[in-house]
Amino acid sequence: MAANIIDGKKVASIIREQVKQDVRDWTNLGNRPPKLQAIVLGNDPASHSYVGAKMRACEEVGIASDTLKLSDTISAQQLEDEIRYFNEDENTDGILVQLPLPSHLQALTVIESIDYRKDVDGFHPMNVGRLAIGQPNFKSCTPAGVLELFKYYSIQTKGKHVVIVGGSNIVGSPLAVMLSREKGDTGKATVTKCHKFTKDLTKHTIDADILVIAAGSPGLITGPMIKEGVVVIDVGINRIADPNSEKGYKLVGDADFKSVSERASWITPVPGGVGPMTVAMLMKNTLLAAKKSIYPR
Ligand code: L34
């Protein structure tokens, strides 16, 4: 069997189109356009490329945006001061600090200094905690994007065994919470979360009805590790040196695409799978922040 492709690029563009209309409705009511503030530290090319994609998406959907580029030697205090400015700025609806941070800074401390009502990444403990107890919150963009893919392709999670490989705060952990919750439209799945200390990974992956891979390890999952007909969501996005390409690298996921796609029923490609969904869901969250839909005040 050859897997069907889950086209994240297409679904993301449909979502952006919807957000664009919603932004237009919002501004037609006399409101100013939503505004997203990104902050990037240092010169990591991948971070700049992702933030660039976010800025282009804002432009497309009618969200005002700005990127503050800071030195990677900035002190924790200086960064906090920059963030506080945007927390207090009435014209800023959403704030994101692109990760990873330089090693002298603590991601959690930085995230906690963002006003949770402007935390459109959904990384602040207030939003993560409210997710865990089923209260309105900003949902982390990548896992929310994965749920949208299930919805678009009518892939049921209810009663399914979902195995998540990778337990990061950005993807694996919030996705496990979203999928295991028994209330709401999504979830109702039985979730197994694996990570680098999991003994005999294959024992778990082979039992998955839906396998989500977010480990940041190219080629980690191969055909013999999965059962026939599984749905594979590959969140991994790894830059591999490739002298034949113009950029000098190519993007690959955490799945060995060839052997995995021979057994899976559905699979997300890299690029063009989950990545564009992350950006589209950020647009949704920024509009929600502007409308104060999650935290009325
Ligand atoms: N604060 N940091 C914060 N928020 C986030 O949501 C992120 N993430 C992750 C890294 N750090 C973050 C992103 O933005 C990963 N990520 C991200 C965003 C977009 C894409 C990939 C990762 C994306 O658009 N990927 C394209 C290819 C891009 C390319 O050519 O390099 C794709 O098709 O997968």
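Residues numbered from 1 in each chain as written. Predicted model: local features only at pLDDT ≥ 70, side-chain atom pairs only at ≥ 80, totals over all residues. Heavy atoms only, no water.

A. Representation of the overall build of the protein chain in the model. Along the backbone of the protein chain there are 10 helices and 11 strands. In terms of C-alpha radius of gyration, the protein chain reaches 19 Å, essentially the compact-globule figure of 19 Å for 297 residues. Referenced to the eigenvectors of the C-alpha coordinate spread, the extents of the protein chain come out at roughly 55 × 45 × 35 Å. A separation of at least 24 residues holds for 69% of the contacts in the protein chain among residues at least 6 apart in sequence. When the accessible surface of the protein chain is split by element, carbon and sulfur atoms take 51% of a total near 14300 Å². One finds the centroid of the 35 positive side-chain charges in the protein chain at a distance of 5 Å from the centroid of its 33 negative side-chain charges. (Helix = DSSP H or I, 4+ residues; strand = E, 2+ residues; numbered from the N terminus. Rg over C-alpha atoms; globule rule 2.2 N^0.38 Å. Contact = heavy atoms within 4.5 Å. Areas by Shrake-Rupley, 256 points an atom, 1.4 Å probe, with all protein chains shown as cover. Lys, Arg positive; Asp, Glu negative; His and termini not counted. Charge placed at Lys NZ, Arg CZ, Asp CG, Glu CD.)

B. Representation of the pattern of salt bridges. For the coordinates displayed, the defined rule picks out nine salt bridges. As a salt-bridge pair, Glu-80 and Arg-84 come within 3.7 Å of each other at their nearest N and O atoms. One end of the pair, Glu-80, and the other, Arg-84, are both in helix α3 (residues 76–88), four residues apart, so they sit about a helical turn from each other. The partly exposed category is assigned to Arg-84, whose relative accessible area is 36%. Between Arg-117 and Asp-115 there is a salt bridge, with the nearest N and O atoms lying 3.0 Å from each other. For Asp-115, a relative accessible area of 12% gives the class buried. (Salt bridge = Lys/Arg side-chain N within 4 Å of Asp/Glu carboxyl O. Buried < 20%, exposed > 50% of the residue type's maximum accessible area, 1.4 Å probe, protein only.)

C. Layout of the site of the ligand. Taken together, the neighbourhood of the ligand is formed by 17 residues, with Lys-54, Val-97, Leu-99, Asp-121 and Gly-272 sitting nearest. Contact between the ligand and Val-97: a nitrogen atom at 2.8 Å from a main-chain N or O atom of the residue. Gln-98 is positioned such that a nitrogen or oxygen atom in its side chain is 3.2 Å from a nitrogen atom of the ligand. Compared with its free state, where it exposes 680 Å², the ligand has 84% of that area covered by protein. Of all the elements in the fold, those that place two or more residues in the shell around the ligand are α2 (45–61) and α10 (274–291). (Near = heavy atom within 4 Å. Polar contact = N/O pair within 3.5 Å; in protein donor to acceptor, adjacent residues only side chain to side chain.)

D. Looking closely at helix α1 (residues 8–28). Given a rise of 1.5 Å per residue, 21 residues ought to cover 30 Å, and the 30 Å separating the end C-alpha atoms of α1 matches this to within 8%. Taken together, the buried positions of α1 are occupied by Gly-8, Val-11, Ala-12, Ile-15, Arg-16, Val-19, Val-23 and Trp-26. All buried residues of α1 fall inside an arc of 135° around its axis, so they share one side. Those residues of α1 that are buried lie in contact with α2, α6 (141–152) and α10. Capping of α1 at its N-terminal end is provided by Asp-7; its side-chain oxygen lies 3.2 Å from the backbone amide nitrogen of Lys-9. Downstream of α1 by a residue or two, Gly-30 has a phi angle that is positive, lying close to 100°. (Expected span 1.5 Å × (residues − 1). Arc of directions from axis to C-beta.)

E. Examining the nonpolar core more closely. Formed by 54 residues in total, the largest nonpolar core has its most connected members in Leu-36, Phe-150, Leu-179, Val-212, Ile-233, Val-235 and Met-283. With 10 residues, the top contributor of residues to this core is α10. In this structure Val-235 touches Thr-142, Val-146, Val-171, Val-212, Ile-213, Ala-214 and Val-274, once residues within four positions along its chain are discounted. Within the second largest apolar cluster, 17 residues are counted, among which are Ile-226, Val-230, Ala-255 and Ala-264. (Core = buried A, V, L, I, M, F, W, Y, C linked by side-chain atoms within 4.5 Å.)

F. Just the sheet that holds strand β3 (residues 64–70), in detail. Spatially, three strands are ordered β3-β2-β4 in an open sheet, and the strand pairing comes out parallel. One side of each edge strand has no neighbouring strand; the edge strands of this open sheet are β3 and β4 (94–97). Sheet twist, expressed as the mean angle between neighbouring strand axes with direction ignored, is 15°. Where strand β2 (residues 35–41) and β3 come together, seven bridges link them in parallel fashion. Residue pairing across strands places Leu-41 opposite Leu-70, the latter belonging to β3. Taken strand by strand, α3 contacts β2, β3 and β4, and its axis lies near 175° from that of β2. (Pairing = 2+ DSSP bridges. Axes fitted to C-alpha atoms, helices over the stretch in contact; angles between N-to-C directions.)

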